[in-house]
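Structural overview for review
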Amino acid sequence: MIADQLPEIEAIRKLKARYFRCMDQKRWDELAEVFAHDAVCQWDPQPDVLHGREAITAYIRAGIEKLVTVHHGHMPEIEITGPRTAHGIWAMSDLVVGEDFHLEGFGHYEEDYVKEGDGWRIRRLRLTRLRVDVRKKSEL
Amino acid sequence: MIADQLPEIEAIRKLKARYFRCMDQKRWDELAEVFAHDAVCQWDPQPDVLHGREAITAYIRAGIEKLVTVHHGHMPEIEITGPRTAHGIWAMSDLVVGEDFHLEGFGHYEEDYVKEGDGWRIRRLRLTRLRVDVRKKSEL
Amino acid sequence: MIADQLPEIEAIRKLKARYFRCMDQKRWDELAEVFAHDAVCQWDPQPDVLHGREAITAYIRAGIEKLVTVHHGHMPEIEITGPRTAHGIWAMSDLVVGEDFHLEGFGHYEEDYVKEGDGWRIRRLRLTRLRVDVRKKSEL
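The following paragraphs examine the structure supplied in this document. (Residues numbered from 1 in each chain as written. Chains lettered and ligands numbered in written order. Predicted model: local features only at pLDDT ≥ 70, side-chain atom pairs only at ≥ 80, totals over all residues. Heavy atoms only, no water.)

With respect to helix 3 (residues 53-64) of chain C
All names here are of chain C. Rules: The numbering of helices and of strands both runs from the N terminus, where a helix is a DSSP run of H or I of at least 4 residues and a strand a run of E of at least 2. Working rule for helices: expected span equals 1.5 Å times residues minus one. Relative accessibility under 20% of the residue-type maximum defines a buried residue, over 50% an exposed one, and the middle range a partly exposed one, all with a 1.4 Å probe and only protein chains included. Our arc is simply the arc of the directions from the helix axis toward the C-beta atoms. We call two residues contacting when some pair of their heavy atoms lies within 4.5 Å.
For helix 3, which comprises twelve residues, the first-to-last C-alpha distance of 17 Å matches the rise-based estimate of 16 Å (1.5 Å per residue) to within 8%. Those residues of helix 3 not exposed but buried are Arg-53, Ile-56, Thr-57, Ile-60 and Ile-64. Viewed along the axis of helix 3, the buried residues span an arc of 95 degrees, placing them on a single side of the element. The exposed set on the far side of helix 3, more than 90 degrees from its buried face, consists of Glu-54 and Ala-62. Structurally, helix 3 contributes buried residues whose contacts are with helix 1 (6-24), helix 2 (28-32), strand 1 (35-43), strand 2 (50-51), strand 3 (68-82) and strand 6 (119-136).

Dropping the structure here:
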């Protein structure tokens, strides 16, 4: 590892921190900024593949705006692959609570990042799942 | 970001690691050392605002000494704001288990740090909550 | 802290990330690579002390190959103790799901690392537990 890469790795860790925090604090304008304009995202178990910052942010917002959500990333493995490109793997856990259900999930993100003029952004995101537990309200 | 800041950021991550670990391992003397003498802390949903290292440590100890606790921080966003000052946001999760209840909570810390002679300390801490789930023993 | 240590600390964080991910993704050959050939491991509450990479990997595989597992590390405190040695503490949480049980646990790893020709490896690992909750299927 080259020491020069460490500031880039730290910047990507903070990028992913904003991804999680803006999602859970419902900060939609700030959330949009974490994605490249040409980003492509897919979150297992949803089959949808989203293209473009606007479509991605609208999709997340429609899915969770009225729900309590808690998303955490863990144990990043970030590789700087070029002057403006990087690759990352993150473990994740999430909690989504609606009026009539309670979902807990676990998995891994596999992502590509791009450094644009003003900082790193997520260009490609794919979530795979190890486990999802859903309980209905009647079981809580 | 300046590469010179990375050792400070790592030192603050380890400071916060000691905050969590000393709390959960009930190491009260070591826990006191993570706070500045003039620290100010508030943990939602408790309304109390604690002033000073001794009052803060006594408050934590009285609250959790006889309970099993598990506190984890996630996804730090740390900014070095001056030669001896820094600001941080952390996601968090906690588990508190007593004889007759089981609490799981989630939220964010927003904190200021100060670098004193021998290292970084927490000067201001405020916890806000996304979610708290409490179950009584009869429901477990 | 010396800035020169930061690349080593980041390499150890990624070593531990592979430990968790290869375990949960059941990548046994890659998992073996995270351990030194003379590694010694013990995972509370199991009393077994395992010696050597092959025995350690076989033990993990026998224990969890057919189970869904989710292991996360949190809040590392890593110290570089020599040119080729380091010490670390990690908080942890795990989830293990079998056909008839659901285990959630929490604790701390205390570990020694060694830098061999091609990178850092775990030489000694000891897990202690703060809490383990096991539910049988009939209670889920």
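Comments concerning the sheet that holds strand 6 (residues 119-136) of chain A
The test is simple: Two strands pair if DSSP finds at least two bridges between them. A fitted line through C-alpha atoms serves as each axis, taken over the contacting stretch for helices, and the angle formed by two N-to-C directions is quoted from 0 to 180°.
A sheet is described by the order of its strands in space; here six strands give the open sequence 2-1-6-5-4-3 (chain A), paired in mixed fashion. Two strands close off the open sheet at either side, each with one partner strand: strand 2 (50-51) and strand 3 (68-82) of chain A. Pairing geometry for strand 1 (residues 35-43) of chain A and strand 6 of chain A, over five bridges, is parallel. For A:Cys41, the partnering residue across the bridge sits in strand 6 of chain A and is A:Leu125. Contacting strand 1, strand 3, strand 4 (85-97), strand 5 (101-116) and strand 6 of chain A, helix 1 (residues 6-24) of chain A runs over the sheet at an angle of about 160 degrees to strand 3 of chain A. Helix 1 of chain C contacts strand 3, strand 4, strand 5 and strand 6 of chain A of the sheet and is inclined by roughly 120 degrees relative to strand 3 of chain A.

Re the pattern of salt bridges
This is how it is decided: One speaks of a salt bridge when a side-chain nitrogen belonging to Lys or Arg is within 4 Å of a carboxyl oxygen belonging to Asp or Glu.
Per the counting criterion, the structure on display carries 51 salt bridges over all chains. The salt bridge partner of A:Arg61 is A:Glu65, with a shortest N-O separation of 3.2 Å. Residue class for A:Glu65 comes out partly exposed when judged on its relative accessible area of 36%. One salt bridge connects A:Arg129 with A:Asp94, and the closest N-O pair in it is separated by 3.0 Å. With A:Arg129 in strand 6 and A:Asp94 in strand 4, the pair connects residues that are 35 residues apart, well separated along the chain. Through salt bridges that share partners, A:Glu10, A:Arg13, B:Glu10, B:Arg13, C:Glu10 and C:Arg13 make up one connected network.

Details of unusual backbone geometry
In this chain, A:Asp44 is followed by A:Pro45 through a cis amide linkage whose omega measures 5 degrees. Looking at the secondary structure, you find A:Pro45 in the loop between strand 1 and strand 2. One non-glycine residue, C:Lys26, lies in positive phi territory at about 60 degrees. The residue C:Lys26 is located in the loop between helix 1 and helix 2 in this model.

Section: the relation of the copies chain C and chain A
Short version of the rule: Residues reaching a pLDDT of at least 70 in both copies supply the C-alpha atoms on which the copies are superposed by least squares.
Once chain C is rotated about the relating axis by 120 degrees and shifted along it by 0.0 Å, it coincides with chain A to within an RMSD of 0.0 Å. The superposition of one copy onto the other is thereby described by a three-fold rotation axis. Residue C:His74 of chain C places its C-alpha closer to the rotation axis than any other residue of that unit, at 4.2 Å. An asymmetric contact is evident, with only 13% of the interface residues of chain C recurring at the interface of chain A.

Details of the nonpolar core
How we decide: In this text, buried Ala, Val, Leu, Ile, Met, Phe, Trp, Tyr and Cys residues form a nonpolar core when linked through side-chain atoms within 4.5 Å.
Counting 96 residues, the largest nonpolar core has A:Tyr19, B:Tyr19 and C:Tyr19 as its most contacted members. Filtering out sequence-adjacent residues up to four positions away, A:Tyr19 remains in contact with A:Leu31, A:Val34, A:Phe35, A:Trp43, A:Tyr109, A:Ile122 and A:Leu125.

Points about the interface of chain C and chain B
Condition: A simple way to read buried area is as the amount of 1.4 Å-probe accessible surface that goes missing from two parts once joined, with both sides added. Throughout this description, a polar contact denotes any pair of N or O atoms lying within 3.5 Å of each other; where both atoms belong to protein, one of them has to be capable of donating a hydrogen while the other can accept it, and for residues adjacent in sequence the pair is counted only when both atoms sit in side chains.
Taken residue by residue, the interface counts 20 residues in chain C and 23 residues in chain B. For the pair chain C and chain B, the two sides together bury roughly 1,700 Å², of which 65% comes from carbon and sulfur. B:Glu10 serves as the salt-bridge partner of C:Arg13, at 2.9 Å between the closest nitrogen and oxygen. At the boundary of chain C and chain B, one finds six residue pairs in polar contact (both at pLDDT 80 or more). Among the secondary structure elements, those contributing two or more residues to the side of chain C that touches chain B are helix 1, strand 3, strand 4 (85-97), strand 5 (101-116) and strand 6 of chain C. Considering every element that reaches the side of chain C that touches chain B, the biggest residue donor is strand 3 of chain C, with six residues.

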